[in-house]
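# Chains, contacts and geometry: an overview
This is what each chain is made of:
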Amino acid sequence: MLKADESLLLDFIRAASAFVVLLAHVQQILISPTWMPFSLSGRSDIVPFIYSQIGAIGVMIFFVLSGFLIAYSIANNLKNSKYENFSAKRYFRSRLQRLYPPLIFSQVLVLLVFGVFYFFDLNSAVSFTTGKELYLARNEINFHLSDYAGSFFFLNDMVSGVNSPTINGPLWSVAQEFWFYIIAGLLVASFYRRRMLIVLVLISGTIIIQTNVFFLYGFGVWLLGAAAAVMHMKKLHESNIIILSILAVVSLSLWVVLLYSNENLFLRARHQFVFGIAFSFILLLMLANEKFLKGIVCLWFVRKVSRQAAFSYTLYLIHFPLLLLVWAVTNKHVQGDFLLVSSVSLLSIVVLMWISEKISLLTEGSVRVK
């Protein structure tokens with residue numbers, strides 16, 4: 001079982017990661033048209049490049065935490081049956097109860113936002129740009145029924161021809177996490193019901209054939225998060241601090257090397273997954289340091305941020321379409337004026353946090369399970 005200070009740390013990291021993703025998209029959608037401190041070619045200086053990649057780094061942290069917490073969920077499931085059975089029904093039901101209410105709300109929101117774009121003829125760049133922008137997150141706001149319907153079943157960016165809705169691009173990672181859950185659940189269930197192995201092979205094979213290699217990279221990061229949970233349960237992280245420290249240093253060093261791989265865009269494009277690997281070791285080191293845990297729970301800031309984990313999933317699902325709407329409505333009025341752009345961005349962050357907290361009471365409520 002996770003101790004109170006450990007749970008607080010995980011909540012803090014999860015909430016902070018969601019906020020980092022929000023900041024990344026505020027930069028991408030609202031600020032970049034006026035101020036963009038990094039090169040579109042990816043061959044920029046290291047600090048601006050990392051700044052441009054904070055959203056991807058935040059998602060990798062999410063993957064590690066997800067694997068960690070799902071491993072604990074599976075362990076509790078097995079413990080309830082005294083390790084004689086795995087309740088696949090309870091496991092998959094809890095995952096669906098966790099994922100679907102916020103997803104359904106976000107899908108309704110996508111329809112409403114697109115309706116506003118369509119009604120006011122704002123779905124073309126001509127209608128919401130001045131022609132002087134440095135960068136546009138979206139040149140066109142389109143609605144494709146196949147993408148919209150596919151995202152209900154987590155097929156977006158998983159099946160050829162089905163993409164995440166233009167208005168809500170971040171749904172790609174939600175689809176990946178869903179299939180991480182499915183594969184992990186079927187794998188454990190197959191130890192108790194052999195026919196589940198057939199389902200596992202069919203689903204895994206289909207995914208490998210259909211999806212791109214980045215899913216496999218992400219799944220590797222997710223599995224390391226799950227492995228970290230197993231080490232934590234068995235308290236192996238406490239007796240292997242030196243090994244974990246070496247692994248953390250090596251993987252972080254490799255991450256830095258990839259960041260500096262200006263001439264090898266193939267490697268540089270995969271740097272975030274290496275960071276995810278490093279974070280799985282860093283997480284265990286943080287959990288193994290009792291002084292660190294006791295110190296961090298005393299910080300007001302940490303406690304304040306950790307409470308926002310309760311609506312981090314809702315925030316992740318609804319912020320992108322609302323930011324695009326803010327962009328389309330305000331851009332021509334604030335474009336080029338950094339003070340006005342900054343004010344709109346800050347106000348958007350505050351309002352989005354408030355909306356997410358209120359909506360999460362309906363969409364997440366009692367199913368805010370880890």
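Scroll up a little and you will see the structure.
Rules used in this analysis
Residues numbered from 1 in each chain as written. Predicted model: local features only at pLDDT ≥ 70, side-chain atom pairs only at ≥ 80, totals over all residues. Heavy atoms only, no water. 1 Å grid on protein atoms, 1.4 Å probe; cavity = no way out; pocket = protein on both sides within 12 Å on 5 of 7 lines; lining within 4 Å. Points joined across faces, edges and corners; volume = space filled by probe spheres on them. Helix = DSSP H or I, 4+ residues; strand = E, 2+ residues; numbered from the N terminus. Nonpolar A, V, L, I, M, F, W, Y, C, P; charged D, E, K, R; others polar. Axes fitted to C-alpha atoms, helices over the stretch in contact; angles between N-to-C directions. Parallel < 35°, antiparallel > 145°, perpendicular 65-115°, else oblique. Contact = heavy atoms within 4.5 Å.

### A word on empty space enclosed by the protein
- In total, this model carries three cavities of 30 Å³ or more according to the counting rule given.
- By volume, the largest cavity amounts to about 360 Å³.
- Together, 20 residues line the largest cavity, and Phe 62, Arg 98, Glu 177, Tyr 181 and Tyr 313 are the ones closest to its centre.
- Within the residue set of the lining of the largest cavity, elements represented by two or more residues are α3 (54-80), α4 (88-119), α7 (171-189) and α16 (312-334).
- Examining the composition of the lining of the largest cavity, we find that seven residues originate from one element, α3, more than from any other.
- Here the residues of the lining of the largest cavity are counted per class, giving twelve nonpolar, three polar and five charged.
- Volume-wise, the second largest cavity comes out at about 60 Å³.
- Looking at the second largest cavity, the residues that line it are Leu 30, Thr 34, Trp 327, Thr 330, Asn 331, Val 334, Gln 335, Val 341, Val 344 and Ser 345.
- For the lining of the second largest cavity, the secondary structure elements donating two or more residues are α16 and α17 (338-363).

### Some thoughts on the packing of α7 against α16
- Two elements in contact, α7 and α16, have axes whose closest approach is 9 Å; the angle formed by their N-to-C orientations is 130°. By the angle between their axes, α7 is oblique relative to α16. On α16, the residues touching Leu 171, Ser 173 and Val 174 of α7 are Tyr 313, Tyr 316 and Leu 317.
- Of the residues assigned to the contact of α7 with α16, the class counts are five nonpolar, one polar and no charged.

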